[in-house]
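Letter by letter, the chains look like this.
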Amino acid sequence: MSEQDRIKQTVSEAEYAATSATGDAIITITNYYYREEANVNSVEADDSVDDNLPCPYRGLFHFGPNDAEYFFGRDIFIEELYSATKTRNFIPVLGASGSGKSSVVLAGLVPKLQKEGHWLFTHFRPGSDSDPFYALAEALVPLYRLERDSTDEITQAGKLAKSLEDGSISLSRVFSKIQRNHPNHRILLIADQFEELYTLCDDVATRRHFLDVLMSDLQSSSLEKGGKGEIVLVTTMRADFLGNALSYPKFADRLRNNDIKIRSMDSEELTEVITQPANQLGVTFEEGLVKRILEDVQDQPGNLPLLEFALTQLWNQRSGKVLTHTVYEDIGKVEGALARHAHEKYNNLSDEEKDKVRRIFIQLVRPGEGTEDTRRIAIKGELGEQSWSLVKKLADARLVITSRNATEQETVEVVHEALIRNWGELQEWMTTDRVFRAWQERLRVLKKQWEENNQDQGSLLRGAALAEAEERLKDRPEELINERVFIEKSIREKERIKQEKAARRQREMRTAWGIAIASLLAVLVSGGLGLMAWNQTKQSQLNLADSFARYSLSLFNEHKELDAIVEAVRAGKILQKQKATDPEVMDALMATIQSRERNRLEGHDDGTKSVVVSPDGQTLVSGSADKTIKVWNLATGEIIHTLKGHNDWVLSVSFSPDGQTLVSSSGDRIIRVWNLEIGGEIRTLKGHNDWVFSVSFSPDGQTLVSSSADKTIKVWNLVTGEAIRTLTGHDDGVISVSISPNGQTLVSGSDDKTIKVWNLETGEEIRTLKGHDGWILSDSFSPDGQTLVSDSDDKTIKVWNLATGEVIHTLKGHDGEVYSVSISPDGQTLVSGSHDKTIKVWNLATEEVIHTLTGHDDFVNSVSISPDGQTLVSGSSDKTLKVWNLETGEVIRTLTGHDDWVGSVSISTDGQTLVSGSGDKTLKVWNLATGEEIRTLTGHDGSVSSVSISPDGQTLVSGSSDNTIKVWTNLERLTFDVLMGRGCDHIRNYLQYNPNVAAEEDRKLCDGIGTKGES
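Bear in mind the structure is a predicted one, so any value in this text is a computation, not a measurement.

Attention now moves to the overall build of the chain. In terms of helices and strands, the chain carries 26 helices and 50 strands. Residues counted as buried form 55% of the 1015 residues belonging to the chain. Surface accessibility of the chain: about 43600 Å² in total, with carbon and sulfur atoms responsible for 46%.

This paragraph deals with the pairing of strand β46 (residues 923-927). Across the five residues that make up β46, a large majority, four, are buried. Connecting strand β45 (residues 913-918) to the antiparallel partner β46 that follows it, the hairpin turn spans four residues, and K921 within it adopts a positive phi of roughly 80 degrees.

Here we come to the pattern of salt bridges. For the structure on display, the rule yields 35 salt bridges. K393 is paired through a salt bridge with E353; the nearest N and O atoms lie 3.3 Å apart. Pair noted here: K393 is in helix α17 (residues 385-396) and E353 is in helix α15 (residues 351-363), with a separation of 40 residues, a long-range link. Taken together, the shared-partner salt bridges connect R366, R376, E382, R437, E441, R444 and E483 into one network.

Where helix α1 (residues 75-87) contacts helix α2 (residues 101-116), the axes come no closer than 10 Å and their chain directions differ by 55 degrees. Our classification of the angle between α1 and α2 gives oblique. Between α1 and α2 lies a crossing of right-handed hand. On α2, the residues that touch F77, I78, E79, L81, Y82, T85 and K86 of α1 are V104, V105, G108, L109, K112, L113 and E116. Residue composition of the contact of α1 with α2, by class: eight nonpolar, two polar and four charged.

Right, let's talk about the nonpolar core for a bit. The biggest cluster of nonpolar side chains holds 89 residues, and the ones touching the most others in it are L81, L188, F285, I293, L307, L314 and F361. When residues in this core are grouped by element, the largest group, eight residues, is from helix α12 (residues 304-316). In contact with I293, not counting residues within four places along its chain, are I274, F285, L307, L311, L314, Y328 and V334. Counting residues in hydrophobic clusters, the runner-up holds 41 residues, among them A157, L171, I187 and M237.

Think of an α-helix as turning once every 3.6 residues; residues three or four places apart then point the same way. Spanning 13 residues, helix α3 (residues 132-144) covers 19 Å between terminal C-alpha atoms, matching the ideal 18 Å at 1.5 Å per step. Approximately 30 degrees is the largest bend angle found in α3, and it occurs at E138, with the proline P142 only one to four residues beyond. With 12 of its 13 residues buried, α3 lies for the most part within the structure. A side-chain oxygen of the first residue of α3 lies 3.1 Å from the backbone nitrogen of F133; this N-cap is D131.

An order of β24-β25-β26-β27 is seen for the four strands of this open sheet, with the pairing classed as antiparallel. At either margin of the open sheet sits one strand with a lone partner, and together these are β24 (692-697) and β27 (723-727). Taken over all neighbouring pairs, the strand axes of this sheet differ in orientation by 20 degrees on average, direction set aside. Relative to strand β25 (residues 703-708), β24 runs antiparallel, the two sharing five bridges. Residue pairing across strands places F697 opposite L704, the latter belonging to β25.

With antiparallel pairing, the four strands of this open sheet are ordered in space as β40-β41-β42-β43. Only two strands of the sheet have a single partner each, and these edge strands are β40 (860-865) and β43 (891-895). Strand-to-strand, the axes of this sheet are offset by a mean angle of 15 degrees, without reference to chain direction. Two elements, strand β41 (residues 871-876) and strand β42 (residues 881-885), share five bridges in a ladder whose sense is antiparallel. Its bridge partner lying in β42, G875 is registered against L881.

So, about the confidence of the model for the chain. The share of residues in the chain with pLDDT of 70 or more is 81%, and the mean pLDDT across the chain is 78. Per-element confidence in the chain ranges from a low mean pLDDT of 41 for strand β1 (residues 15-19) to a high of 94 for strand β8 (residues 284-285). Every residue in residues 1-25 scores below 50 in pLDDT, and together they form 58 contacts with partners more than four places removed in sequence or on other chains.

With that out of the way, let us pick up the packing of aromatic side chains. In this structure the tally under the stated criterion is 12 aromatic pairs. Considering the side-chain rings of F436 and W439, the 5.9 Å spacing of their centres and the 35 degrees angle between planes classify their relative orientation as tilted. A residue pair is termed a helical-turn pair when its members lie 3 or 4 positions apart in one helix, as F436 and W439 do in helix α19 (residues 424-452) at three residues. Assessed through its relative accessible area of 2%, F436 is described here as buried. What makes W439 buried here is its relative accessible area of 6%. By way of ring pairs, the aromatic residues Y346, F361, W423 and W429 are connected into one cluster. Directly above the ring of Y82 sits K112, whose terminal nitrogen or CZ lies 4.9 Å from the centroid. Note that R472 overlies the ring of W439, its terminal NZ or CZ placed 5.3 Å from the centroid.

Residues in a regular strand project their side chains so that they alternate between the two faces of the sheet. Of all five residues in strand β22 (residues 671-675), four are buried, a share of seventy percent or more. Here strand β21 (residues 661-666) runs beside β22; their pairing, made up of five bridges, is antiparallel. Bridging across to β22, S664 finds its partner in R672. Between β21 and β22, which pair antiparallel in sequence order, lie four residues; one of them, R669, sits at a positive phi of approximately 75 degrees. Relative to strand β23 (residues 680-685), β22 runs antiparallel, the two sharing five bridges.

Attention now goes to the environment of S622. If you trace the backbone, S622 turns up in strand β17 (residues 619-624). Ignoring any residue separated from it by four or fewer positions in sequence, one finds S622 in contact with H604, T608, S610, V611, T628, I629, K630, W632 and I965. Side chain to side chain, S622 and W632 meet in a polar contact 3.0 Å long.

Looking now at helix α23 (residues 561-578). Counted at 1.5 Å a residue, the expected span for α23 with its 18 residues is 26 Å, and the 26 Å between its end C-alpha atoms agrees. Of all the 18 residues making up α23, 15 are buried; the element is thus mostly covered by neighbouring parts of the structure. K579 lies just past α23 and shows a positive phi near 55 degrees.

So, on to the side chain of S864. Mapped onto the fold, S864 is located in strand β40. Using a relative accessible area of 17% as the deciding quantity, one classes S864 as buried.

Leave glycine aside and you will find that most residues have negative phi; peptide bonds, for their part, are mostly trans. Notably, Q455 is not glycine yet its phi reads approximately 55 degrees, a positive angle. Along the polypeptide, Q455 turns up in the loop between α19 and α20 (463-475). Classification of Q455 by relative accessible area gives partly exposed; the value is 41%. At K711, a residue that is not glycine, the phi angle is positive and equals roughly 80 degrees. Note on placement: K711 falls in the loop between β25 and β26 (713-717). The exposure class assigned to K711 is partly exposed, which follows from its relative accessible area of 28%.

Cut-offs used in this document
Residues numbered from 1 in each chain as written. Predicted model: local features only at pLDDT ≥ 70, side-chain atom pairs only at ≥ 80, totals over all residues. Heavy atoms only, no water. Helix = DSSP H or I, 4+ residues; strand = E, 2+ residues; numbered from the N terminus. Buried < 20%, exposed > 50% of the residue type's maximum accessible area, 1.4 Å probe, protein only. Areas by Shrake-Rupley, 256 points an atom, 1.4 Å probe, with all protein chains shown as cover. Pairing = 2+ DSSP bridges. Salt bridge = Lys/Arg side-chain N within 4 Å of Asp/Glu carboxyl O. Axes fitted to C-alpha atoms, helices over the stretch in contact; angles between N-to-C directions. Parallel < 35°, antiparallel > 145°, perpendicular 65-115°, else oblique. Left-handed = near helix turned anticlockwise from the far one by under 90°. Contact = heavy atoms within 4.5 Å. Nonpolar A, V, L, I, M, F, W, Y, C, P; charged D, E, K, R; others polar. Core = buried A, V, L, I, M, F, W, Y, C linked by side-chain atoms within 4.5 Å. Expected span 1.5 Å × (residues − 1). Bend = angle between axes of the 7 residues up to and from the residue. Polar contact = N/O pair within 3.5 Å; in protein donor to acceptor, adjacent residues only side chain to side chain. pLDDT = per-residue confidence, 0-100. Phe/Tyr/Trp six-rings, centres within 6.5 Å; stacked < 30°, edge-to-face > 60°. Lys NZ or Arg CZ within 6 Å of the ring centre and 35° of its normal.

Right under this line is the structure:
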C-alpha cells in the first residue's frame, strides 16, 4: 500500500496534503490534522481476495479530502454549497449530530473547489484550548507568514490571537495580507464543529466578542454588492445549538435566511453510501443485505456514524469479496455494532482498568444543559500520568482520539458523539455521575477565573462552595487532579481568615481587660482606703463597663450579635451594681438589643443543606453536609437530638403531617425514618440506586413517595417500611414528586423532559405529559388538585388538565429560563420570573400574557404573590425588590438597600411584612404597605439563601452558606432597666445551651435579671 493511502495518526506539519487515490489532485488544507489511522485489516486467505484492499468506509471518523472517491450520497447538497460560494461569503451548515456536516464540506465541497482551481483552504475548531481567538489565529498565520518554522508559528499565533482580541489588529487587515500573498486565490476558511464555541468556551463575553470580530471583519473584507467575496467562511454546527447562536442578536441577524440545513438522506442516497464505496473496489453485497441494512438505518441522519461503523466492521470481517448476512449478524447489525465493539474492548480489561476507564470517559463528556451531552477535550494533566497508558490503549481500540494542543499538551476526546449516545455503559456512568460532572464543570470555570485574575485570593472558593469542594476532594481525589491546588489554596485561605479573626478577638479582649486592670492598678498605687480610694475603685469599674461596651459595639459591627449582647449586658450589670449611668453602655445596649438574632444554632461541622420547622412551630430540624441531622428546641436553641446514620450529605428533611415522624434522604441513596420523641431511627428504606432527590408525604402520613437519580419513584408504607411498589418509566433522573391534595394522584417531573401522572393507590401510570423540550424544573398543583403547572428550561410554562392529560395552555414569551412561578390564591393567575429579566403575568383561562413587567436589570430569581392576591413582589440579581400592582402591572415601588443579589423573599400571612435574604449576608424586613425598611438583620457570615416567617409573623428563621441557622424575633425599643431584663431574656437560652459558652460565670451572667430570672 502506498503512503498516500495511509492516514497518519500524528501529523508534525501544520498542513495536511490530501491526495486522491488516483493521484491526480493534491489538496492542501492548512491547520487540518487527520489524527486517525486507517490500517488495512487482514482477511481470510483466499486466492480471489486482495489482502491489500483499503477499507472504503470511515468508521466513526469523518470523510476527508483524500476520501472523495469513496464519498457518496450528497451530490445535491455539495452542489448547493458550491453554488453558495459564488455569491456568499458566509455559509453556515446546520445538521443533526452524525448527519455528515464535516464530511460534506471536507470530502465534498473542498475537492470540487480544488478542481475549479485558485482556492486555498484553512481549517480550525473554535473550541481548541477553549480559546476561539487562538484557534482562528492558528488557521491564519501559515497563510499570511509564508516563511516560518513550527516554533515561530506557535509564537505568531499567540501574538495574532491577542491582537485580534484586543482590537490592535483587525481581521480584515489579516485577510488583506493573505490576499496580497495569494493574489490569484480565494480563501475557504472552514470553522468545523462550531458548537464548540458554546460547549468549550465558558465565557459569554469572549464568545460574543469573537463573533463580533469574525462577522464584522469578514463583512468588511469581502465584496458585499454583487460579485463574490475573496474570503468565504463555512461553519459546520449541530442544529440543536441553533438556539444558543440565536440568543445573540448580532449573530442571529447574520444567520437568518443564510444557513443551509443538511437534510436526511433518502433511500436512494443511502443505497449509494452503502454500495458504491465497495463497488469501487470490486466488492459486492449478498442478496437482500443492502435492503436489510437500509431498514435498520431508519432514515435518521444521526444514524450515519452507526451505519459507517457497521459497514467498516462488516468490511473488516469479510470473507472474500462478498459482504454477507452472517457477518452482519455477528457484528450486531447497525444499531448494535458500535456498542458491541466498545463493550468487547471494555470487557477485555481488568477490574482496575475498568474503573479507570469509567473515570476517563466521564471526563470526556460534557453534561448537556437543555441539549444532548457533547464530547469534551481533556488534557493529560486532568487524567493523570497513571491513566495515560490506558488512554493510548483506548486509542488503539478506536474509542478515543489523542492529539496535542497549541501548548503541546497531550489531549484526548471520544472518537465520535455517537459513542456517547449509543454505548450503554457510558450512558449509565453519566447518569450516575451527572451531578458530579456538572459541578466539576462549574468548578473549572471558577478555577479559570482565579487563574486569569493572577490567582487573586478574592477569587478563591468560600462558604458553601468551598464546603462542597472539600467534600468532593475527600471523596474523589483521583478525579480532581487538576483542581486540587485550587481547592487546597481555598481551604488554606479559609483557615488563615479564621485564625486572623480569632487573633483580632483576642487582641480586643486584651485591650478591654487592659483598661480595667490599669484602672485597678491606679487605685492600688494610690494606697489609700478612704473615700478617694473608694471613688477610684468605682471609677475603675465604670471604666471596665465602658470597655465592655466598646467591645460590644465592635462585635456588633462584625455581625456577632449574640456575643455583642452578652458584652453589653456584662457592661450594664456593672452599671446596675454601681448605680451609675454611662452613655457608651446605653448606646451598646440600645444597638445590640435591637438585634433580631434570637439564638444561634451551632453544632454542624459542615454546610446546612435543608431546614424545616415542625407543624406546631416548636421544633426545628436541619440536615447537613456533615452527614448528620440535628433536632433543635426552637424556643431555647437547645439540641434535642443529633441523628446519625447517613453516609453522605443529608439532602432533605421532612416532617410527617402530625409532626411525630421525620424522614431524611441522602446522597447515600438511603431514606431514613426517625421517631422524633426518642430521637431514634425507626427504619431504613433501601432500594434506590442513586441519590434520592425528593420525598413527599401523603396527607394521611401513612405513605411516603421518593424520587431518585436512578430514574425511579418508590412508594413506601411507612408503618412497615416496605416498598409497596417501584414506578418506572422515566428515561432520566426523577427530580421532583408531588402528591395531590386529595392524596390519590402522584405527579413526577424528570430530566427526560416529561411529567408522569400516576394513580398513587395502584401505581398505574395514568398518562405521560409530553410537550416540554427541556428538563422539568418544577411542577405545582392548583388548590383544587385538578390542574398542574410545570416550568422547564425550554423557557415555557405549561398548564395541564390532569383528568385528560391535555395541555390547557402553553405559556410562551420568555427569552430565558423560567426561574420561579407563583399561582394566585384564586387559581386564575400565574406569575413567572425569568433569566430574561422580566416577569410575566398570565391569565390561565385564556393563556394570554396580561402583563410583561420590565424594570429589573438582571435575572428575576423569585416571585411571590401576597395572600390577598393584589400585590406581587419580585427579587432580582440587580440587588433590588420590586412591589407590583398585580391587576395593573404597575410598579408600586422599588426597594433598594441590598448590596448583592436578592434570592429569597417571604411575605407574612397577614400581608403586612416582607422579608428578603441576599448574597450580601443580610436580611431586610420591610413594611409591605409603605416600602419602608424596618430593619436590617446582620449576623450571617455567608449569603442568606433561605428565609421563612412563622404564621404569627413574630419569628423569622434564616439559613445561610455560613453553616448556621439563625432564629430572630421582633423587639421594640425599651428603657435601660427593661432593656437589661429583655436582653437577658434574649440571650438566656444561648448562654445556657450553646456549647461554645464554656465559662460558668458567663452561664450565670443573667441570674436575677429579667422576668425569667426573678425569684
